[in-house]
Amino acid sequence: MTDLSRRTLLKGAGVVGAASTVPAAAQHAADHAPPGLHTRQNTNPNYRFFNAVEAAFVEAAVERLIPADPQWPGALAAGVPVFIDRQLAGPYGRGETLYLAGPWKQGTTEQGYQLRLSPAELYRTSLERIGQSSNEGKTFHQRSGDEQDAFLRRLEAGDLDLGGFSSAIFFETLLANTVEGFFADPAYGGNRDKAGWRMVGFPGAYAAFLQLYTHHGMTFDREPLGMDEHTGAHPVVHTIGR
Amino acid sequence: MAWRMKPVDVVLVGMGWTGAILAKELGEAGLRIVGLERGVSQDTVPDWQSPSMHDELRYAVRHGMMQEVSRETYTFRNGAGQEALPIRKLGSFLPGTDLGGAGVHWNGQTWRFLPSDFRARSHNIERYGKDIMGAELAVQDWPVSYDELEPHYDRYEYLCGIGGKAGNLRGAIQPGGNPYEGPRARDYPNPPTEPAYAGALFANAALALGYTPFQVPSANMTRAYTNPEGLALQPCNVCGYCERFGCEHFAKSSPQVCILPKALAMPNVELRTRAHVTRVLLDAQRTRATGVIYIDASGREVEQPAEMVILCSFGINNVRHMLVSGIGQPYDPATGDGTVGRNYTYQTMSSATVFYGSDRRLNQFMGAGALGTVIDDFNGDNFDHSGLGFIGGGYMGVYTTGARPIEFHPVPPGTPRWGAQWKSAVARHYNHTCSVGCHGASMATRGNYLSLDTTYRDAFGVPLLRMTFDFPENDVRMSAYLTDRASEIARLMGGQTVVPSSAKRPYSVVPYQTTHNTGGAIMGADPRTSAVNRYLQSWDVPNVFVMGACAFPQNPGYNPTDTVGALTYWSAEAIKNQYLKAPGPLVR
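Every value quoted in this text rests on a predicted model; they were computed, and no experiment measured them.

Enquirer: Describe the overall build of chain A, and please don't skip the residues or the numbers.
Expert: In terms of helices and strands, chain A carries 9 helices and 0 strands. Out of the 242 residues in chain A, the part that is buried amounts to 40%. Expressed as a percentage of contacts within chain A between residues at least 6 apart in sequence, the contacts between residues at least 24 apart total 55%.

Pasting the structure below:
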């Protein structure tokens, strides 16, 4: 579906929502809003992990990492802060995929992550320090985009000590989680309206290409499919365009 | 005091490919068998079904099918002078867990090794002189030949229903296959895959340079197939969710699809899941195993007495079981003495990435794990190494395995790592970029080895396995040479830019490379330089057999699973036909 046709659809949905005051319809419109149309769900997304101060940083930071452009939404509108929040509130945030036993020592780059912090603890510890260090009259989210980028580059370069560890460790985690949230299945709260998938042309959970893959170079523009909208059936017929 | 179970004939430690094959083979011989699996049971239905299986975050990124490192990981250092630290997050390699092990989440790229790979030391010295090994390499001959393994390769390939085209039928070179492979008695059971677009572009370029491209032998079914066990497999849908995923379609060979239903149907074969083996029990002389100790689901310590113990877990985890239990003498790199942990090897991966114009739609999300087009002209000793300064090689080509976007979003060098330019580069290049990969060999050295860590332990209090590894100079040179050849092909593939990237020191455990961790309990003809004999029997404790890629003296430039399967059948035959008749050392 093109951006244009989606806007047309949303226009209709918005009218229904406003006229009938049925919350479900309005919510549907908000959930599927393209860039510029939604502000509400991002101002109050019911965070489970982040407090308001943390959320303000993350919302502003991820939008600098993957900013909106005229064609595609940025990380904020794509729900990436919600994705990261849900991840940190769950098993990933608790460090269930990490070996966290001590002793803890600083290793080489080749030895990888060596902190005793789970991802949730890493965010909480880092954001507390960042909140203190960036307090030069304006907090991070109040600064201009260029100022925000400059601060993120300092984090990336490891210029800040976030409590005995380099800010680069936090930055790399934030960047990885942002990319995850932009491209993971929408069921996880990010990649809203499958914006990440639409941007690159990835079909999502849809998966039956035996009869297509030998049509080398074909145009494949089928609507991407998230897990939650998967019917379980595998359509194997598709119009082949060149 | 451990809870003591009724004695059995054989205990299998781990129930992936090798445990499943042995359960069937030895169960059929009438032995009472218990298979111990540290993870849970899982199967095509109901566990691997769509749409929930098509979840890149859960399975590919969060490692849903992999060893839980929160409980059990490895420590790592690049050299003996460094302090080893735990791999706190899986990266460079991804060992599987749960029933079926890595046989569930593999891609299905199913290769035989070259006849000369089994004589890596002798062959290279005969052709290039004894100086070719230099001071660095600890390369050894295998104690088994290609010809001896050929019937067992055949058996495993027919079990799996591999789709491919023979390149050498009883010595006669066949068009369409790999002309360098060893002679095979018969063709593959199923036809080869059809090339994907990127593979076809590679094939055309390789042909133009005089090479011989062919389709990778595939464990993703190319048609409906019933294997010799009577189990049915279905054609692959080319869904793009193989590697790190279970197959929903009965279309990728796995222990569950190919053999476990038959093995577990036998009344004398019992599977126990959530049974985490902590050590093999030995008698006072440490020359005979009496069983194993495991922790069950409730946390209870259980003793399972057995006449034979067969280690069937992921290769390097078998090495850990041996070291923890005191089976054989630990290897000491300072003196060169000892055998367990010796010759740990890996795989030397590199690539040449091709960036295309935006009119060229590669559609690599239409993929399958073993959907690849490759050449073998630069593998093993298929090319003249005179004056090159290294031995070994690798195959090279293009795989089209799914292009899932969290992990696949290539951008050209010079692109910022984030921000508006990064985003537009991802959008621009996602469907217009492919990589010629080089699957390079890994040669053994004296300093790369496995041992027990002296500091870090797992959730059960058992020392972690310590990995000491860096790429040998031989392999760095080999990778540079292979990557140059790959780049020459890549430049003829019609793209705008080619970006080569060869393997460089230091090796890092952070970025994913491959799960081909090999060696550490190597097979050999000499008990002073090998942990197991030619039948995978421990030299020191003859009622212990050790399966898996840990037996490879060094790792050739191919994926290991076909050889692991063949060695398992080879060992099973020796156990049935020789060991059971006269239990004791099969080689003296």
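Enquirer: Break down the overall build of chain B for me, with residues and values.
Expert: Regarding its fold elements, chain B presents 13 helices and 22 strands. Counting only C-alpha atoms and orienting by the principal axes, one finds that chain B spans roughly 70 × 55 × 50 Å.

Enquirer: Explain helix α7 (residues 197-208) of chain B to me, using residue names and the numbers behind them.
Expert: Residue and element names in this part refer to chain B. An ideal rise of 1.5 Å per residue puts 16 Å on 12 residues; α7 measures up with 17 Å between its terminal C-alpha atoms. Taken as a whole, α7 has its buried residues at Tyr197, Ala198, Gly199, Leu201, Phe202, Ala203, Ala205 and Ala206. Tucked into the core, α7 has its buried residues touching β16 (372-375), β17 (394-399), β18 (433-440) and α12 (473-490). Downstream of α7 by a residue or two, Gly210 has a phi angle that is positive, lying close to 90°.

Enquirer: Now, about the pairing of strand β15 (residues 348-355) of chain B: what can you tell me, with residues and values included?
Expert: All names here are of chain B. In terms of burial, β15 is a largely internal element, 8 of the 8 residues being buried. Burial along β15 is two-sided: the face carrying Thr348, Ser350, Ala352 and Val354 and the face carrying Met349, Ser351, Thr353 and Phe355 are both buried. As judged from the 5 bridges shared by β15 and strand β21 (residues 497-501), these two strands associate in the antiparallel manner. Considered in β21, the bridge of Ser351 is made with Ser501.

Enquirer: Hey, could you go over the pairing of β16 of chain B for me, with residue numbers and the actual values?
Expert: Residues in a regular strand project their side chains so that they alternate between the two faces of the sheet. All names here are of chain B. Taking every second residue as pointing to the same face, both faces of β16 are buried, with Gly372 and Val374 on one and Thr373 and Ile375 on the other. Where strand β8 (residues 214-215) lies against β16, 2 bridges are found, and the strand directions are antiparallel. Of the residues in β16, the one forming a bridge with Phe214 is Val374. Looking at chain direction, β16 and β17 are connected through 4 bridges and run antiparallel. Of the residues in β17, the one forming a bridge with Val374 is Gly397.

Enquirer: Before we move on, can you summarise the sheet that holds β16 of chain B with the specific residues and values?
Expert: Residues and elements named next belong to chain B. Overall, antiparallel pairing links the 6 strands, which are arranged β8-β16-β17-β18-β15-β21 in an open sheet. The open sheet terminates on both sides in strands that have one partner only, identified here as β8 and β21. Of the strands in this sheet, β16, β17 and β18 are in contact with α7, which crosses β16 at around 20°.

Enquirer: Which residues make up the nonpolar core, and what are the values?
Expert: In terms of nonpolar packing, the biggest core is built from 237 residues, with Leu12, Val309, Ile310, Val546 and Ala551 of chain B touching the most fellow members. Excluding residues that lie within four positions of it along the chain, Ala551 of chain B makes contacts with Ala521, Ile522, Met523, Val532, Leu536, Val546 and Leu567 of chain B.

Enquirer: How would you explain the interface of chain B and chain A if you had to name every residue and give the values?
Expert: Listed as interface residues are 57 residues of chain B and, on the opposing side, 53 residues of chain A. Elements with a contribution of two residues or more to the side of chain B that touches chain A: α3 (56-61), β5 (85-86), α7, α11 (420-429) and β19 (449-457) of chain B. With 5 residues, α11 of chain B is the largest single contributor of residues to the side of chain B that touches chain A. By residue class, the composition of the side of chain B that touches chain A is 30 nonpolar, 17 polar and 10 charged.

Enquirer: Requested: an account of the environment of Tyr344 of chain B, with residues and values cited.
Expert: Residues and elements named next belong to chain B. With respect to the helices and strands, Tyr344 occurs in the loop between α10 (315-325) and β15. Overall, Tyr344 belongs to the buried group, with 30 C-beta atoms counted inside 10 Å. For Tyr344 and Ala503, which are 159 residues apart along the polypeptide, the C-alpha to C-alpha distance reads 18 Å. In this structure Tyr344 touches Asn448, Tyr449, Leu450, Met467, Phe469, Gly519 and Gly520, once residues within four positions along its chain are discounted.

Enquirer: So what about the sheet that holds β5 of chain B? Which residues, and what values?
Expert: All names here are of chain B. The 4 strands lie next to each other as β5-β4-β20-β19, forming an open sheet whose pairing is mixed. A single partner strand is all that each edge strand has here, and the edge strands are β5 and β19. With 5 bridges joining them, β19 and strand β20 (residues 463-468) adopt antiparallel strand pairing. Within β20, the position partnered with Leu452 by the bridge is Leu465. α10 rests against β19 and β20 of the sheet, and its axis sits at about 70° to β19.

Enquirer: I'd like a rundown of the packing of helix α4 (residues 52-65) of chain A against helix α7 (residues 145-157) of chain A, residues and numbers included.
Expert: Residues and elements named next belong to chain A. The N-to-C vectors of α4 and α7 enclose an angle of 90°; their axes lie 10 Å apart at closest approach. The angle between the axes of α4 and α7 places the two elements in the roughly perpendicular class. Of α7, the residues touching α4 (which contributes Ala60, Ala61 and Arg64) are Gly145, Gln148, Asp149 and Leu152. Taken together, the residues of the contact of α4 with α7 sort by class into 3 nonpolar, 2 polar and 2 charged.

Enquirer: Describe the confidence of the model for chain B, listing the residues and the values that go with them.
Expert: Predicted coordinates in regions of low pLDDT should not be interpreted in detail. Residues and elements named next belong to chain B. In the predicted model, chain B carries a mean pLDDT of 98, and 100% of its residues have values of at least 70. Put simply, helix α2 (residues 44-47) is where chain B has its lowest mean pLDDT, 95, and strand β22 (residues 544-546) is where it has its highest, 99. Among the prediction metrics, the complex's ipTM stands at 0.97, with pTM recorded as 0.93.

Enquirer: Describe in detail α12 of chain B, supporting the description with residues and values.
Expert: An ideal rise of 1.5 Å per residue puts 26 Å on 18 residues; α12 of chain B measures up with 25 Å between its terminal C-alpha atoms. In the core, the buried residues of α12 of chain B are packed alongside α7, β15, β17, β18 and β21 of chain B.

Enquirer: Lay out unusual backbone geometry in plain terms, naming residues and giving numbers.
Expert: All names here are of chain B. In the segment running from Val45 into Pro46, the intervening peptide bond is cis, with an omega of 10°. Cis peptide bonds are those with omega within 30 degrees of zero, and the linkage from Ser50 to Pro51 qualifies with 0°. Examined against the element boundaries, Pro51 turns out to sit in the loop between α2 and α3. Phi is positive for Arg274, close to 50°, though the residue is something other than glycine. Relative to the helices and strands, Arg274 resides in the loop between β11 (269-272) and β12 (276-282). Although it is not a glycine, Ala403 sits at a positive phi angle of roughly 45°. Considering the arrangement of structural elements, one finds Ala403 in the loop between β17 and α11.

Enquirer: I'd like a rundown of the environment of Ile125 of chain B, residues and numbers included.
Expert: Residue and element names in this part refer to chain B. Within the secondary structure layout, Ile125 lies in helix α5 (residues 120-128). In this structure the C-alpha to C-alpha distance between Ile125 and His105, which are 20 residues apart in sequence, comes to 38 Å. Setting aside its immediate chain neighbours within four residues, Ile125 contacts Lys130, Ile132 and Met133.

Here is what the cut-offs are and how they apply
- Residues numbered from 1 in each chain as written.
- Chains lettered and ligands numbered in written order.
- Predicted model: local features only at pLDDT ≥ 70, side-chain atom pairs only at ≥ 80, totals over all residues.
- Helix = DSSP H or I, 4+ residues; strand = E, 2+ residues; numbered from the N terminus.
- Buried ≥ 20, exposed ≤ 12 C-beta atoms within 10 Å, placed from the backbone.
- Contact = placed C-beta atoms within 7 Å.
- Expected span 1.5 Å × (residues − 1).
- Pairing = 2+ DSSP bridges.
- Axes fitted to C-alpha atoms, helices over the stretch in contact; angles between N-to-C directions.
- Core = buried A, V, L, I, M, F, W, Y, C linked by C-beta atoms within 7 Å.
- Nonpolar A, V, L, I, M, F, W, Y, C, P; charged D, E, K, R; others polar.
- Parallel < 35°, antiparallel > 145°, perpendicular 65-115°, else oblique.
- pLDDT = per-residue confidence, 0-100.

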